[in-house]
Amino acid sequence: MGYPPIPFAKGPMLVTTRAEVNAIVDLRGNPHPRFVLSSMARGGFSGGPAISCYDFGLGIIIDSLCHNNDVTELGYLTALSVEPILDALGFHKVLPSGVEASWTLYVGESPWEHGTENEE
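Starting afresh in each chain, residues are numbered from 1 along the sequence in its written order. Selection of residues for local features in this predicted model requires a pLDDT of at least 70, selection of side-chain atom pairs for listing and counting requires 80 or more, and totals for whole chains, interfaces and linings are taken over all residues. Only hydrogens and water are set aside; all other atoms, that is, all heavy atoms of the structure, feed into the side-chain values.

1. Focus on the overall build of the protein
Next up, step 1: Counting from the N terminus, the helices are the DSSP runs of H or I reaching at least four residues and the strands are the DSSP runs of E reaching at least two. Scanning the protein from N- to C-terminus turns up two helices and five strands.
Next up, step 2: Of the regular secondary structure in the protein, the N- to C-terminal order runs β-β-β-β-β-α-α.
Next up, step 3: Contacts in the protein between residues at least 24 apart in sequence constitute 37% of all its contacts with a sequence separation of at least 6. The contact criterion used throughout is that any non-hydrogen atoms of two residues lie within 4.5 Å.

Written as structure tokens, this is what we have:
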């Protein structure tokens, strides 16, 4: 979902597209996995959600992976997994209780109860 520019449109429009996950990649220098999606990458989708057909957030559209400053449409559309978003919300203690409860049920304990190495 996003607001890509549409030629001749009177203004911004919310656009959705259907895609399949073609791969999960680990990029150099980035600790979080990215999903490579089958939809064509377009400017305006960045920051939008990638929602699974099972009604959960798969990730956030981040960028188009392309070589040598090629145009966006020649790259691979990628979505960052929701893990870093949940980590940030949990660290700042603003994670919705339903999400934390389901995480605790799935993993066994909340990773945010014990603090972090950087906390003083």
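2. Quick word on unusual backbone geometry
Glycine aside, residues mostly have negative phi angles, and peptide bonds mostly take the trans form.
Next up, step 1: Of note in the backbone geometry, Phe-8 takes a positive phi value of approximately 70 degrees without being a glycine.
Next up, step 2: Note that Phe-8 resides in the segment before strand E1 (21–25).
Next up, step 3: Type-normalised accessible area, obtained with a 1.4 Å probe on protein chains alone, sets the label of each residue: buried when under 20%, exposed when over 50%, and partly exposed for intermediate values. Assessed through its relative accessible area of 86%, Phe-8 is described here as exposed.
Next up, step 4: At Lys-93, a position not held by glycine, the phi torsion is positive, near 60 degrees.
Next up, step 5: Relative to the assigned elements, Lys-93 resides in the loop between helix H1 (83–91) and helix H2 (97–107).

3. Considering a nonpolar patch on the surface
Next up, step 1: A cluster of nonpolar side chains, namely Met-1, Tyr-3, Leu-14 and Ile-51, defines an oily patch on the protein surface of about 400 Å² accessible area.
Next up, step 2: In this fold, Met-1 is placed in the segment before E1. For patch building, the residue pool is restricted to those with more than 30% relative accessible area and no salt bridge; the joining distance is 9 Å between like charges and 5 Å between nonpolar side chains (Val, Leu, Ile, Met, Phe, Trp, Tyr). Note on areas: these come from Shrake-Rupley sampling with a 1.4 Å probe, and a residue is covered only by the protein chains present in the view. The rule for a salt bridge is simple: a side-chain nitrogen of Lys or Arg has to be within 4 Å of a carboxyl oxygen of Asp or Glu.

4. Considering the sheet that holds strand E2 (residues 34–40)
Next up, step 1: In spatial order, the strands read E1-E2-E5-E4-E3; together these five strands make up an open sheet with antiparallel pairing. Pairing within the sheet leaves two strands with one partner each, and these edge strands are E1 and strand E3 (49–51). Between one strand axis and the next, the sheet turns by 40 degrees as a mean value, whatever way the strands run.
Next up, step 2: Note on pairing: two strands pair once DSSP finds at least 2 bridges between them. Where E1 and E2 come together, four bridges link them in antiparallel fashion. If you follow Ala-23 over to E2, its bridge partner there is Val-36. Between N-to-C directions, angles span 0 to 180 degrees; the directions come from axes that are lines fitted to C-alpha atoms, helices contributing only their stretch in contact.

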